[in-house]
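As a plain string of letters, each chain reads:
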Amino acid sequence: EELYLINGWGEPYFSINEAGHVTVSPRGDRGGCIDLFDLVSDLRQRGLRLPLLLRFSDILADRIERLNACFARAIARYNYQGVYRGVYPVKVNQQKHLVAELTKFGQPFQFGLEAGSKPELLIAIATLKTPGALLICNGYKDREYVETAMLSQRLGKKPIIVLEQLEEVDLAIAAAQKLGIKPNLGVRAKLSSKGSGRWAESAGDRAKFGLHMWEILTVVEKLAAADLLDSLQLLHFHIGSQISAISTIKDALREAAQIYVQLAKIGANMQYIDVGGGLAVDYDGTKTNSAASKNYNMQNYAYDVVAEIKEACAEGKVEPPTIVSESGRAIASHQSILIFDVLGTSSRPQAGIEPLQPGEHLIIRNLFETLENINAQNYQEAYHDAIQFKGEAASLFGFGYLGLRERARVERLYWECCDRILKIVRQQEHVPDELSDLEISMAQTYYCNLSVFQSIPDNWAIGQMFPIMPIHRLNQEPSNRGTIADLTCDSDGHIKEFIARYSSKEILELHPFDKNDNDPYILGLFLGGAYQEILGDLHNLFGDTDTVHIHITHRGYKVEHVVKGDTMNEVLEYVQYSRGELLESMRRETEAALQEDAITIDEARLLLQNFEHSLDGYTYLSPT
Ligand code: PLP
């Protein structure tokens, strides 16, 4: 099987070339390919630091085009008489450059934006300039939210205010009457069909958002009483993110399409059905109904959405609506890659064991004998023996019958036995259960220059898996097994699940790394472009990483924007420390130490220089 199952989750954007480097084809199979390792080396020569977030604008463009093409194909296939208008949920990644690029690439498709909060509404209103593109206004609302959204109609925008709470209908009616604006309104339905997977709680009777049927009816009555029933145009539902089973999506669609038909029949001016997000990303490439994957593709999704809506409308004899979807993960995940370097590994004993000396302890002699006789026939038995001798050595040590040197020699011998057994185990087709954990217990920790909390918070918070792999040396077999630990001094800052070809998911295949070689060992974390950047936090004060926008050109690529990550000064300010005060406090203490001859003048200068230089520096480690 191919390394890191890259074809499964990486197609059509990521692959491996003959040089053993990961390549990026931002336009999928439509040409143009960048050697990721060369690109990173190039960027480092330009003075950019690791960890580094690379953003490929062309991937973003490709995702939008794909999604629209899938819906266009579905509409053609079912001869659907309505259109598709996607919106991008700003919450997924609010970074200015990304939203700006997205709305630009979305123009040909009249791609709109979805806001889930007041600050996101401000972004959406100010950024979205595409004529006719929808501005879906979700989330909790107050008077100012509703009025601002409605007033944007005067600027030629197309806001649709989606009522998620019963009180919001009163706010909307009041604002409409105050401003004399006929608003576009929608309702978010609480479906009884349950979601599945991690975000199952987003749907169902006890979901946080959405209106029960009796509440939707109350909305209809209140709007009718205010002569605003023709403002009610959209039905929205969202059954959760990363829905791995297509059957769950279909169930929800069937229920929602019925609600749509019923609303149209009781006099609402229905024109849009907004199917929310949920279109999943195949993080592990297995194409299965499991949390890190999905059992359908984007095209199946579009087919099912269009088919279910068409059928319900045909049966109910109502006009087919404009179909809106709010896919975030499926749009934004692929466009960024987090690049980080390995700083070191947990140590393991040097290979090579000194020969047995006359008079060594019986337990050492036993382990020697075990080691020398390990073969493909007896490796299981040898493993038991080695464990037993190691245990006995620990007891003897506890009673004072074995010295420190002897205990250390036992450890080395045990390690060497396991190493040899492991080599044999790896060649076996079927590994006995008791040996399957050997890989895990022998795995090394690779200490990496990143913060899990800042850059992949969902891995820490909900165990979300992301593909991680080296971006070079891929023409060498990754003969080591390891886990990844980050820079924080938190034991949760540890990545514990990986994409594996044949070994356990708890460990990652990696190449041997020797710090003294001075060759960097660089890894990439893929598919992390949705949610991670904004959910990331400042645990241990590791700040935002540098970000680079790469755009593919005829000659290769161009660096479009460089967004510098946080300096230490910036993260310290965030927790109310001021640069001036910190420096002054250090200066005073240094001066006092000088007065007492506790520090030399050279040391004092170096201390203050380092302190000040650090304040302006990156929060991550530099290799030199
Ligand atoms: N729409 C709403 C209302 C959401 O809450 C979310 C996120 O959960 C989305 C859209 C985006 O979902 P996804 O990223 O699964 O496409």
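Another point: the nonpolar core. With 152 residues, the main nonpolar core has A256 and I273 as its most contacted residues. Apart from residues no more than four positions distant in its own chain, A256 is found in contact with A189, L191, L235, F237 and I273. In this structure, I363, L371, Y379 and L438 belong to the second largest nonpolar core, which totals 19 residues.

This part covers the site of the ligand. Neighbouring residues of the ligand: 17 residues in total, closest S241, G277, E326, G328 and R329. Across the shell around the ligand, the residue classes tally to five nonpolar, nine polar and three charged.

Attention shifts here to helix α2 (residues 36–45). Buried within α2 are the following residues: L36, F37, L39, V40 and L43. Buried residues of α2, seen end-on, are gathered within an arc of 160° and therefore sit on one face of the element. Note on α2: the residue one or two positions beyond its end, G47, has a positive phi of about 95°.

The subject of this paragraph is unusual backbone geometry. With an omega dihedral of 0°, the bond running from E11 to P12 counts as a cis peptide bond. Here P12 lies in the loop between α1 (6–10) and β1 (14–16). Along the chain, L50 connects to P51 via a cis peptide bond; the corresponding omega equals -5°. Here P51 shows up in the loop between α2 and β4 (52–56). The phi angle at Q242 is positive, at roughly 50°, despite the residue not being glycine. Mapped onto the elements, Q242 comes out in the loop between β10 (232–236) and α9 (246–265). Despite not being glycine, L527 shows a phi value in the positive range, around 65°.

To continue, consider the packing of helix α6 (residues 143–151) against helix α7 (residues 167–179). Orientation of α6 relative to α7, taken along the N-to-C sense of each, is 50°, at an axis distance of 9 Å. In terms of orientation, α6 lies oblique with respect to α7. You can see that α6 and α7 cross each other, and the crossing is right-handed. Together, R143, V146, E147, M150 and L151 of α6 and L171, A172, A175, A176 and L179 of α7 make up the contact between the two elements. For the contact of α6 with α7, the residue count by class is eight nonpolar, no polar and two charged.

Below, the discussion takes up the pairing of strand β16 (residues 480–485). Judged from the four bridges that link them, strand β14 (residues 444–448) and β16 form a sheet pairing that is parallel. Across the sheet, residue T445 finds its bridge partner in β16, namely T483. As paired strands, β16 and strand β18 (residues 508–510) are joined by three bridges and run antiparallel to one another. Residue R481 lies in a different strand from β18, and its bridge partner there is E509. Taken together, the two bridges between β16 and strand β17 (residues 494–495) define a ladder with antiparallel strand orientation. What sits directly across from I484, in β17, is I495.

What counts as what
- Residues numbered from 1 in each chain as written.
- Predicted model: local features only at pLDDT ≥ 70, side-chain atom pairs only at ≥ 80, totals over all residues.
- Core = buried A, V, L, I, M, F, W, Y, C linked by C-beta atoms within 7 Å.
- Buried ≥ 20, exposed ≤ 12 C-beta atoms within 10 Å, placed from the backbone.
- Contact = placed C-beta atoms within 7 Å.
- Near = placed C-beta within 6 Å.
- Nonpolar A, V, L, I, M, F, W, Y, C, P; charged D, E, K, R; others polar.
- Helix = DSSP H or I, 4+ residues; strand = E, 2+ residues; numbered from the N terminus.
- Arc of directions from axis to C-beta.
- Axes fitted to C-alpha atoms, helices over the stretch in contact; angles between N-to-C directions.
- Parallel < 35°, antiparallel > 145°, perpendicular 65-115°, else oblique.
- Left-handed = near helix turned anticlockwise from the far one by under 90°.
- Pairing = 2+ DSSP bridges.

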